[in-house]
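# Secondary and tertiary structure notes
Given next are the chains, with one letter for each unit.
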Amino acid sequence: MRESKFDVEAVQEKEPREQRGFSSPAEEFQLVQAPERKTSKCIFVSVTIHHLGSIDVLTGTFNTRFDVNLRWCNDVVGDTERFIPLIRFPGAVDWSKTMEDVIYNDDTFSYARMSICGTFCFPQYLQNFPFDVQGLKITLQLGINRLGSPREYLSVEDGFTFVQDPKHPTLIDRQVDEEYFLRPARYYYSETSNIMSRGGTRSKFVVVVPAQRRSKYWLFNNYGFVCLCQLMSFSAFAIPPDGGNSLADTLTVTLTVLLLMVAYKFSIAATMPKLSYMTHFDKYMIMVTSLIFLQYVATTFVITFLPTDDMRKGMFNLFIISFCVACGMHVLIFRSGRMAMLHQLDGLHAMGRVDECARCTFENAGVFMDESGKVDDLRAYQKALIQVARK
């Protein structure tokens, strides 16, 4: 990582990929949000995200490129020629500036702008995978006055805090990832602990982009394959139970499908992070594997204990029971996935607030949000992103 004039003291802190004790991003963000403070030395900030993609659940990282716009009042900082705030990015794995700092002044305010490109980490919540919503975070933290001598810490105790700029929106201006729907960016305020910061508590400005996974890929290519295996297992009941090789073929078909499910489970595990909990897809795999195993056990029981004359009727009854149970379980598991997705979307407001300036920008483009900042028409929102990016 190239050393930046905005980060000469920073030691990048990679956040853990799994935050135990939280089942969704909303639960974590509710805990870490800091109360708003009325201070006299506000650093107005806004973030414009131009690119966000390459979201990798295996490593818990994403790539992004964004602009940071800062503004502060000349009267509250004293000597404007010797005040430039240093900004840290504690959630970054690696970052660099794509454009040199732009700093200028007028009679009332001083302004600074920097363009950042880097890889950031995010805590993953995959309990509802692939019906999940991830909160992609970009954290800005106040450091020191870069031009101060001796070193001047910009601490909350001294009145320095981040405040969302009311004149410039914090937003993401284009959709570039085909695996996720990137919903409107949100923000909240946080603070460092006294233990982790020399010179007092530091203000944090956290931008959160809710990323809703497009689950159709997994539904068609993975859930569909597993469901097909379940249907194939029913072909064992089409073999006439006439004794001899036909009974062995019945068990062989079911056993082959069961072994196929086990092999598929191991192949999928290689593409997922090692988690201490089960995802929605894990539960579905276990459900279908268990149904096929129980079907195999029940078939063995019918072949072993029923007389030959009753075997055909017993196999038919077993098929009806197995098919009905499988259909009912599939309805329940897919309904639970849909309900989990809706529950996460209803909880988006807990990830932070949508900037009012950004809300007005999108409303002017024909996209309306409810009070929590939720957008129902994603297609209209994506078209509005194109209009915003062109302006």
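Residues numbered from 1 in each chain as written. Predicted model: local features only at pLDDT ≥ 70, side-chain atom pairs only at ≥ 80, totals over all residues. Heavy atoms only, no water.

### A few points about the overall build of the protein
This is how it is decided: In DSSP terms, a helix is any run of H or I states spanning at least four residues, a strand is any run of E spanning at least two, and both are numbered starting from the N terminus. Any residue under 20% of the maximum accessible area for its type is buried, any over 50% is exposed, and the rest in between are partly exposed; the area is computed with a 1.4 Å probe on protein chains only. Contact between two residues is taken to exist if any of their heavy atoms lie within 4.5 Å; hydrogens are not considered. Values of accessible area rely on a 1.4 Å probe in the Shrake-Rupley scheme; residue burial ignores everything except the protein chains shown.
Secondary structure assignment for the protein yields 8 helices and 11 strands. The proportion of buried residues among the 391 residues of the protein is 51%. Put simply, 76% of the contacts in the protein that link residues at least 6 apart link residues at least 24 apart. Looking at the protein as shown, the accessible area adds up to about 18900 Å², and 57% of this sits on carbon and sulfur atoms.

### Some words on the pattern of salt bridges
To be explicit about the condition: Within this document, salt bridges are pairs made up of a side-chain nitrogen of Lys or Arg and a carboxyl oxygen of Asp or Glu, the two lying within 4 Å of each other.
Summed over the entire model, instances satisfying the criterion amount to 5 salt bridges. In this structure, Arg213 engages Asp132 in a salt bridge whose closest nitrogen and oxygen atoms are separated by 2.7 Å. With Arg213 in strand E11 (residues 203-213) and Asp132 in the loop between strand E5 (109-121) and strand E6 (133-145), the pair connects residues that are 81 residues apart, well separated along the chain. Exposure class is identical for Arg213 and Asp132. Each is buried.

### Observations concerning the confidence of the model for the protein
Should pLDDT be low for a region, the predicted coordinates there are not to be read in detail. This is how it is decided: For every residue, the predictor assigns a confidence score, pLDDT, that lies between 0 and 100.
In the predicted model, the protein carries a mean pLDDT of 80, and 82% of its residues have values of at least 70. For residues 1-21, every residue scores under 50 in pLDDT, and the model assigns this stretch 70 contacts once sequence neighbours within four places are set aside. Low confidence marks residues 28-32, where pLDDT is under 50. Its contacts with residues over four positions away, or in another chain, come to 15 contacts.

### Regarding the packing of helix H5 (residues 280-305) against helix H6 (residues 308-346)
Quick reminder of the rule: Orientation is described by lines fitted to C-alpha atoms, with helices fitted over the stretch in contact, and by angles between N-to-C directions that extend from 0 to 180 degrees. Relative orientations are named as follows: roughly parallel for angles under 35 degrees, roughly antiparallel for angles over 145 degrees, roughly perpendicular for angles from 65 to 115 degrees, and oblique for any other angle. Residues are grouped as follows: Ala, Val, Leu, Ile, Met, Phe, Trp, Tyr, Cys and Pro are nonpolar; Asp, Glu, Lys and Arg are charged; every other residue, Gly included, is polar.
Interaxial distance between H5 and H6 falls to 11 Å at its minimum, and their mutual angle equals 170°. Considering the angle they form, H5 stands roughly antiparallel to H6. When its residues are assigned to classes, the contact of H5 with H6 shows 15 nonpolar, 8 polar and 1 charged.

### Focus: the pairing of strand E7 (residues 160-164)
Spelled out, the test is: Here a strand pair is declared whenever DSSP counts at least two bridges between the two strands.
A large share of E7 lies buried, amounting to 4 of its 5 residues. Pairing of strand E1 (residues 41-56) with E7, which is carried by 5 bridges, proceeds in the parallel orientation. Opposite Val45, over in E7, you have Gln164 as the bridge partner.

### What to know about the packing of helix H3 (residues 216-233) against H6
To keep things clear, this is the line we draw: Note: crossing handedness is left-handed where the near helix turns anticlockwise from the far helix by less than a right angle, and right-handed where it turns clockwise.
Orientation of H3 relative to H6, taken along the N-to-C sense of each, is 160°, at an axis distance of 12 Å. By the criterion of interaxial angle, the relationship of H3 to H6 is roughly antiparallel. In the packing of H3 onto H6, the handedness of the crossing is right-handed. Between H3 and H6, the contacting residues are Leu219, Tyr223, Cys227 and Gln230 on the first element and Ala326, His330 and Phe334 on the second. Here the residues of the contact of H3 with H6 sort into 5 nonpolar, 2 polar and no charged.

### Some details on unusual backbone geometry
A cis geometry characterises the amide bond from Phe129 onward to Pro130, with omega recorded as 5°. Inspection of the secondary structure puts Pro130 in the loop between E5 and E6.

### What about H3?
Put simply, the test is: One fewer than the residue count of a helix, multiplied by 1.5 Å, yields its expected span. The bend reported for a residue corresponds to the angle between axes fitted to the seven residues ending at that residue and the seven starting there.
Under the 1.5 Å per step criterion, the end-to-end length of H3 is 24 Å for 18 residues, consistent within 8% with the ideal 26 Å. Bending of H3 peaks at approximately 35° at the position of Gly224. Among all positions in H3, only Trp218, Asn222, Tyr223, Val226, Cys229, Gln230 and Ser233 are buried.

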